[in-house]
Amino acid sequence: EQVSPEELSRRAAHVTRETDELLHESRKVLRDVYIEQQDAERHLRYFPKTAFPLALVVAQAGAGKTNLARHLAMEWGKGGASVVLLRALAIPDSELMAHLRRELRLAVEVDSTDLAERGASAQHPLIIVLDGLNEHGQREEFLTSVLAFAAQVRSSRHVKVLLTWRREYATW
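Fair warning: this is a prediction, and the values are worked out from it, not measured in the lab.

This part covers unusual backbone geometry. In this structure, Arg 105 is a non-glycine residue whose phi angle is positive, near 55°. Along the chain, the position of Arg 105 falls in the loop between α4 (96-103) and α5 (112-119). Overall, the relative accessible area of 49% leaves Arg 105 in the partly exposed class.

In structure tokens, the structure reads:
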């Protein structure tokens with residue numbers, strides 16, 4: 001089954017709403033509370049329009065990485081992007097594409113190249129926001145799959161990945 005950019009956008013919005021609800025329920029973020037982070041926002045706001053497939057936010061615990069990632073995800077979604085907001089802690093897989101297939105209800109044969117070529121477009125870029133990579137149970141394997149995913153979609157300007165992780169884990 002081919003998924004159009006519009007259908008992928010609808011499915012991505014559903015996943016993002018679920019993650020957003022979990023962030024609020026866990027009190028990781030507070031409803032209607034956002035403390036602006038002008039420097040970080042200035043650098044990341046236009047990330048979807050860059051040639052880079054991957055961006056990284058590294059800061060100490062409590063610095064607002066999750067709030068920033070959530071805020072940008074919502075802004076990009078309002079601007080027409082297909083945004084998949086995910087908490088790494090809640091991802092059981094060590095392989096990003098396997099998790100995206102399950103969450104977005106994609107056929108098993110869909111791979112990152114398919115997403116880049118058929119599931120995303122200039123009007124509906126696909127942006128995957130992975131919050132708290134350091135919290136993933138198999139973080140090294142998961143990071144390896146994220147980097148492989150980014151390498152596979154790098155020729156497309158329509159698929160992006162934003163990662164956050166704590167500075168305390170920068171040495172692993």
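Take the packing of α4 against helix α6 (residues 139-153) next. Running from amino to carboxyl end, α4 crosses α6 at an angle of 80°, the nearest separation of the two axes being 8 Å. Considering the angle they form, α4 stands roughly perpendicular to α6. In this structure, α4 contributes Leu 96, Met 97 and Leu 100 to the contact, and α6 contributes Phe 142, Ser 145, Val 146 and Phe 149. Looking at the contact of α4 with α6, its residues break down into 6 nonpolar, 1 polar and no charged.

Attention now goes to the sheet that holds strand β2 (residues 82-87). Taken in spatial order, the 4 strands line up as β1-β4-β3-β2 in an open sheet, and their pairing is parallel. The sheet terminates laterally at β1 (54-59) and β2, the two strands that pair on one side only. Mean inter-strand twist for the sheet, computed between neighbouring axes without regard to direction, equals 15°. With 6 bridges connecting them, β2 and strand β3 (residues 126-131) associate as parallel partners. When the sheet's bridge partners are listed, Val 84 is paired in β3 with Ile 128. Sheet strands in contact with α6 are β1, β3 and β4 (159-166), and its direction is about 155° off that of β4.

Put simply, the largest pocket is a space of about 300 Å³. If you trace the largest pocket, you find 13 residues lining it, with Pro 48, Lys 49, Gly 79, Ala 81 and Pro 125 closest to the centre. Among the residues forming the lining of the largest pocket, the class breakdown is 6 nonpolar, 3 polar and 4 charged. By volume, the second largest pocket is sized at about 220 Å³. Lining the second largest pocket are 14 residues, and of these Thr 19, Leu 22, Leu 86, Arg 87 and Ala 90 lie nearest its centre. With 5 residues, helix α1 (residues 5-25) is the largest single contributor of residues to the lining of the second largest pocket. Classifying every residue of the lining of the second largest pocket by side-chain character gives 7 nonpolar, 3 polar and 4 charged.

Looking now at the packing of aromatic side chains. Working definition: an aromatic ring pair is given by the centre-to-centre distance plus the angle between the planes. Taken as a whole and judged by the stated rule, the model has 1 aromatic pair. With centroids separated by 6.3 Å and ring planes inclined at 50°, the aromatic side chains of Phe 47 and Trp 76 adopt a geometry described as tilted. Residue Phe 47 is located in the loop between α2 (38-44) and β1, and its partner Trp 76 is located in helix α3 (residues 65-78); the two are separated by 29 residues in the primary sequence. Neither residue differs from the other here; Phe 47 and Trp 76 are each classed as buried.

Quick look at the pattern of salt bridges now. This model, assessed by the stated rule, comprises 10 salt bridges. A salt bridge links Arg 70 to Asp 20, with the nearest nitrogen and oxygen atoms 2.4 Å apart. Pair noted here: Arg 70 is in helix α3 and Asp 20 is in helix α1, with a separation of 50 residues, a long-range link. Given a relative accessible area of 21%, Arg 70 falls into the partly exposed group. Accessibility expressed as a relative area gives 11% for Asp 20, which makes it buried. Lys 78 is the partner of Glu 75 in a salt bridge, and the nearest nitrogen-oxygen pair spans 3.7 Å. Here the residue Glu 75 and the residue Lys 78 both occupy positions in helix α3, the gap between them amounting to 3 residues, near one helical turn. Using a relative accessible area of 68% as the deciding quantity, one classes Lys 78 as exposed. Via salt bridges that share partners, Arg 87, Asp 131, Glu 135 and Arg 166 belong to a single interconnected network.

How each quantity is defined
Residues numbered from 1 in each chain as written. Predicted model: local features only at pLDDT ≥ 70, side-chain atom pairs only at ≥ 80, totals over all residues. Heavy atoms only, no water. Helix = DSSP H or I, 4+ residues; strand = E, 2+ residues; numbered from the N terminus. Buried < 20%, exposed > 50% of the residue type's maximum accessible area, 1.4 Å probe, protein only. Axes fitted to C-alpha atoms, helices over the stretch in contact; angles between N-to-C directions. Parallel < 35°, antiparallel > 145°, perpendicular 65-115°, else oblique. Contact = heavy atoms within 4.5 Å. Nonpolar A, V, L, I, M, F, W, Y, C, P; charged D, E, K, R; others polar. Pairing = 2+ DSSP bridges. 1 Å grid on protein atoms, 1.4 Å probe; cavity = no way out; pocket = protein on both sides within 12 Å on 5 of 7 lines; lining within 4 Å. Points joined across faces, edges and corners; volume = space filled by probe spheres on them. Phe/Tyr/Trp six-rings, centres within 6.5 Å; stacked < 30°, edge-to-face > 60°. Salt bridge = Lys/Arg side-chain N within 4 Å of Asp/Glu carboxyl O.

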